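Letter by letter, the chains look like this.
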Amino acid sequence: MSQWLIAGLLFTPLAWAALSLLLGFRQGRWLSWLGMAIQMAVSLALWFAVMEGGGFYYALGGWNAPLGIALRVDGLAVTFVLLTAAVGTACGLHAGVYLDADKPWQRYFWPLFWFLWAGLNGVWLGADLFNLYVSLELISLSAVGLVALGGEAAALRAALRYLFAALLGSLAYLLGVALFYGRFGTLSLAVIDQLLVGGEPALIVALLLMLAGLALKTALFPLHAWLPPAHGIARSPVSALLSGLVIKASFYIAARLWMELGDRLGSPWLAQGMGVLGAAAVIWGSWLAFCQPHLKQVVAYSSVAQIGYLFLLFPLTFAVAEPVSLLAQQGITLQVISHALAKAAMFLAAGNLILSVRSNRVKALAGVSHFLPFSLFSFGLAGVSLMGLPPTGGFAAKWLLLQASLASGQWWWVVVLLLGGVLAAAYVFRIYRASFLEVSNSDDFYHPPQSLEAIPMILALLALGLGLVAEPVLSVLALPFEVVAAEAVHP
Amino acid sequence: MSAGALLPILALLSSLLAAVVIFALPETSHRLRTLVNLLAALLKLGIVAVMTWGVFQGIDFSVSFTMLPGVRFMLRADALAMLFAGLSALLWLLTTIYAVGYLEDSPNRSRFFGFFSLCVASTMGIALAGNLFTFFLFYEMLTLSTYPLVVHRGTEKALQAGRNYIIYTLGGGVVLLLGIAWLHGLAGDLAFRETGHFQGSDPALHGQLTLIFVVLIAGLGVKAGMFPVHGWLPQAMVAPAPVSALLHAVAVVKAGAFGIVRVVYDIYGIDFAFALGLLQPLAWLAAFTILYGSVRALTQIDLKRRLAFSTISQVSYIILGVTLFGPIGTVGGLVHLLHQGIMKITLFFCAGNYAETLGVHRVDELDGAGARMPATSAAFTLAVLGMIGVPPLAGFVTKWVLGTGALAASMEWVILVLLLSSLLNAAYFLPIVYRLWFSPVVAPWPAERRWGRLETSAWLLWPPLVTTLMLILVGLLAATAFSPLSWARLIVVRMYLP
């Protein structure tokens, strides 16, 4: 049963990408609706299968790691697969209505969309370094294509900048992979984990290279400069995909590397250093978000800030007691999920608002609260999660990270967590403030169709509800993983 | 699920669902919205009444589930919770009636009443919260749902006030979160318990516990309007009158004061807090805030601004009562939670009536308004007399009990503060009363509106009259079994004699 599910998960997006290449935007939309329904059903089924039976290793087509593709199907991976299905479906549905079907280049949206989805599933499930690399490249290239889809010169410039950053990041990562391969002759993470004994300088360099490359792709401060232009200029459903999911993929790989190898190859300096960069991202990104005159730039810089929290994983899991490390991991996972939902909601809502006021400027929002309360409300709800106020998923994440910081005696991260929330409130309330201003009594706004308005609301409510059901979600994430199966992959 | 678990959830849901329904209704369906509002308010009042009776009988209403590893979401009704829940359920009904009249013909009513209901849902959550974590959850929800009400008018001035409101309250929320997370790291998930949790705790922890106490009080003090973090309260008076009533009497400042009561009694325990020496500085701060608010109120020309400084002063009576180490002082503080609410809401209703009917916002424009609006002015006068502490009105009961409590705790200086504060109350309130009744009308009213036979709209007139009746009754009948005073005694008996 699970085999079929996994096959469906990986091959549907690839098949759909190829098929939709043959079709125009409108026909591609019909096809994609079907594809999204399949993906949603398969992801849900797999999630429940793992919840019932626990995680497992799976060698695709029976070929083992050095030649074939080994997949690691655990609670964390299937949760992210499900998250991708939710956010991807929301963005796909929104894009189907939002994008202007008459532009000739829009027909490339669906192929790129499906390649992106395939790459994401590949990253969540990948168990060896090379296949992770391939999936990551697939993601980067299709993401760059999606950014360039706007067609204007500015979009092309941002896409090009994104492409250079992504390629540089991939190169650094690939160098690290090569070093590992040279030393161990395998790329399977599980096998490397077993063979690795101590911190050899070459391997430390390899880890550093990989982390640096992945940090560049994740847009960690100070390597974030490519993100705001790309996420700001892309069409809103694309921005939602990029901020919600794409940057999480490279972080996910970095986190997996750190959790497997960090205890032997890492050092307190590295752990604290990553944390400091994350903290700087939180503060600096939030401040820049507050200063932006354009709505989507505010949301894009907010991503830079929210990504910063994720890198607190490094100091909070290094050389600390097992329960503390667990708290931090749970907190970071919740942060990834809640940010994906909230940020996608926020970008989609921002897209609706921009459509309505026909301008990207924050100042243009005056009066929106009077005539278009619904999209603004979705935007606000998503903002509550970003601020980390209860009962949202963002709050649950912040609470766990606070507990982890306090329990490990690293009180300086407490300051960052609390300050970050205040700064997030500052940039979100700046938008409210602009929209509550009453300037005229006439409604000359464009009112988007209800389907466009409903999608961000659903995502925002999911982000909100995540905080209330955090305990059951975390219990699936923590499901025991069948390590016995890992032995079978051993060459 | 048993009835005991169901009722707290229903109390919460009644206004939460009302909010959802109201948001979903189109802007133009005013009648239906009013109906939903009133039904929800009546339903909630009924639920709270049943629960209050149940708590009196000793029935345990509680429900909880694990929200995060090691943290429970917990609702529980104890006697203290019902004091606050009863206050907000009762005054919500009246404020809703008032708001319907007040906002007639104004835009954005759907948004207003939606957030209004969310606000009351949060207040209910704050009252029924069974641990600090749940309390914090609703405390922040209250902050967020009041913001759209404060900036409701959408003017530059309202937005400025909203900005300051949010800076103060979210700032306070962050400080409070720090305290709660710290305490959780130290002692785990602590449910509110009448005797507190730390009696006989390890002396090595006392240093940290003292610090945490300061952090918690600092966070809660923002909403309670304690000096020096009271700055948002006078500014927020640009909001419509029903919102001011909500901020000052029903929800926001009360949430802060209620939180302080919870921390002192149900987390630390009054004996332990006293032994750590935490109560004395808090008493001084409260006393200072009482006098400071009154002195500032003296010089305010804007009527609502004067009332706002008066709130700063009056809320600290509650804190002062809490810090008087002894059962009588506690009774005084708790009963004032209710008394202040009834009196202050009357004053704000009346101020709103003057503004809506005559267009009057300043104290010096009120000359002779008593003849034009006798019923409103009578209500205003009685509420003022209550505030000053004239027997047998509500304020007198508070001040009497507080004074007795101070003597019992041998803190004689508190008597001096009470006397001084009463004098100051008289000094800033009585001139208004004089102007209302005895000064001749000098100029035409700035913007007079006629509402038919009555002096103002019936929706606006009845709520202050009802609250005036209440403030007389709670004073006159203070000694009977179902007065707020008796309920406060019940709480204290359960607190001090476990």
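This text goes with the structure placed above it.
Here the structure is a predicted model, which means the values were calculated and not measured. (Residues numbered from 1 in each chain as written. Chains lettered and ligands numbered in written order. Predicted model: local features only at pLDDT ≥ 70, side-chain atom pairs only at ≥ 80, totals over all residues. Heavy atoms only, no water.)

Student: What exactly am I supposed to notice about the overall build of chain A here?
Tutor: A tally of regular secondary structure across chain A gives 21 helices and two strands. A compact globule built from 491 residues should have a C-alpha radius of gyration of about 23 Å, and chain A, at 21 Å, falls within 12% of that. By principal-axis analysis of the C-alpha atoms, chain A measures approximately 70 × 55 × 45 Å. Across the 491 residues that make up chain A, the buried fraction comes to 63%. Taking as baseline every contact in chain A between residues at least 6 positions apart, the subset at least 24 positions apart corresponds to 82%. For chain A, the exposed surface amounts to about 16900 Å²; the carbon and sulfur share of it is 71%. (Helix = DSSP H or I, 4+ residues; strand = E, 2+ residues; numbered from the N terminus. Rg over C-alpha atoms; globule rule 2.2 N^0.38 Å. Buried < 20%, exposed > 50% of the residue type's maximum accessible area, 1.4 Å probe, protein only. Contact = heavy atoms within 4.5 Å. Areas by Shrake-Rupley, 256 points an atom, 1.4 Å probe, with all protein chains shown as cover.)

Student: I'm lost on helix 10 (residues 252-268) of chain B in this one. Help?
Tutor: It helps to recall that an α-helix has 3.6 residues per turn; residues three or four apart then point in one direction. Residues and elements named next belong to chain B. Taking 1.5 Å of rise per residue, the 17 residues of helix 10 would be expected to cover 24 Å, and the 23 Å separating its terminal C-alpha atoms lies within 8% of that figure. Helix geometry: helix 10 is bent most strongly at Arg 262, by close to 30°. Among the 17 residues of helix 10, 17 are classified as buried, and the element is accordingly described as predominantly covered. A positive phi of about 90° marks Gly 269, the residue just after helix 10. (Expected span 1.5 Å × (residues − 1). Bend = angle between axes of the 7 residues up to and from the residue.)

Student: I would appreciate a short explanation of the interface of chain B and chain A in the present structure.
Tutor: Interface size is often expressed as the accessible area that is lost when the parts come together. On the side of chain A, 32 residues touch chain B, which itself brings 35 residues to the contact. A combined buried area of about 3000 Å² lies between chain B and chain A, and 77% of that area is made up of carbon and sulfur atoms. Scanning the region where chain B abuts chain A turns up one salt bridge. As a salt-bridge pair, Arg 433 of chain A and Glu 156 of chain B come within 3.0 Å of each other at their nearest N and O atoms. The interface formed by chain B and chain A contains four residue pairs in polar contact (both at pLDDT 80 or more). Going through the elements one at a time, strand 1 (61-68), helix 4 (109-128), helix 5 (132-150) and helix 6 (156-187) of chain B are the ones with two or more residues in the side of chain B that touches chain A. The biggest single contributor to the side of chain B that touches chain A is helix 6 of chain B, with 14 residues. Taken together, the residues that form the side of chain B that touches chain A break down as 24 nonpolar, six polar and five charged. (Buried area = accessible area lost by both parts, 1.4 Å probe. Salt bridge = Lys/Arg side-chain N within 4 Å of Asp/Glu carboxyl O. Polar contact = N/O pair within 3.5 Å; in protein donor to acceptor, adjacent residues only side chain to side chain. Nonpolar A, V, L, I, M, F, W, Y, C, P; charged D, E, K, R; others polar.)

Student: Please clarify how the nonpolar core should be interpreted in this entry.
Tutor: Within soluble globular proteins, side chains that are nonpolar tend to cluster in buried spots. Tyr 268 and Tyr 354 of chain B are the most contacted members of the largest nonpolar core, which has 376 residues in total. For this core, the element with the most residues is helix 14 (residues 322-357) of chain A, which contributes 20 residues. Ignoring anything within four residues of it in the chain, the contact list for Tyr 268 of chain B reads Leu 183, Gly 196, His 197, Phe 198, Leu 209, Ile 212, Phe 213, Leu 216, Val 263, Ala 273 and Leu 278 of chain B. (Core = buried A, V, L, I, M, F, W, Y, C linked by side-chain atoms within 4.5 Å.)

Student: Would you mind showing me how to read the pattern of salt bridges here?
Tutor: In a structure, side chains of opposite charge can pair up when their charged atoms sit close to one another. Taken as a whole and assessed by the stated rule, the structure comprises 15 salt bridges over all chains. Taking the shortest distance from any N to any O, the salt bridge between Asp 74 of chain A and Arg 72 of chain A comes out at 3.3 Å. Taken individually, Asp 74 of chain A and Arg 72 of chain A each receive the classification buried, so the pair is uniform in this respect. The partner of Arg 264 of chain A in a salt bridge is Asp 193 of chain A, with the nearest N and O atoms 2.4 Å apart. Linking Arg 264 of chain A in helix 10 (residues 236-265) with Asp 193 of chain A in helix 7 (residues 189-195), this pair joins segments that are 71 residues apart in sequence. With a relative accessible area of 24%, Arg 264 of chain A lands in the partly exposed category. Connected through shared salt-bridge partners, Asp 60, Arg 76, Asp 78, Arg 262 and Asp 266 of chain B make up one network.

Student: What should I look at first to understand unusual backbone geometry in this one?
Tutor: Both trends apply: most residues other than glycine have a negative phi, and most peptide bonds are in trans. Residues and elements named next belong to chain B. With omega at 0°, the peptide bond leading from Phe 227 into Pro 228 counts as cis. Mapped onto the elements, Pro 228 comes out in the loop between helix 7 (206-224) and helix 8 (232-235). Residue Pro 391 is joined to Pro 392 through a cis peptide bond whose omega torsion reads 5°. Relative to the helices and strands, Pro 392 is located in the loop between helix 16 (374-388) and helix 17 (394-408).

Student: What is the right way to read the environment of Ala 300 of chain A from this model?
Tutor: All names here are of chain A. Among the secondary structure elements, Ala 300 is positioned in helix 12 (residues 295-310). Distance in space between the C-alpha atoms of Ala 300 and Ser 243 is 7.6 Å, their sequence separation being 57 residues. Aside from chain neighbours lying at most four places away, what touches Ala 300 is Leu 227, Pro 228, His 231, Gly 232 and Phe 347.

Student: Quick question: what am I supposed to make of the environment of Thr 289 of chain B here?
Tutor: All names here are of chain B. Position of Thr 289 relative to the elements: it lies in helix 12 (residues 279-298). It is 30 Å that separates the C-alpha atoms of Thr 289 and Gln 199, two residues lying 90 residues apart in sequence. For Thr 289, the residues in contact, after removing those within four places along its chain, are Gly 225, Met 226, Phe 227, Ile 312, Ser 313 and Ser 316.

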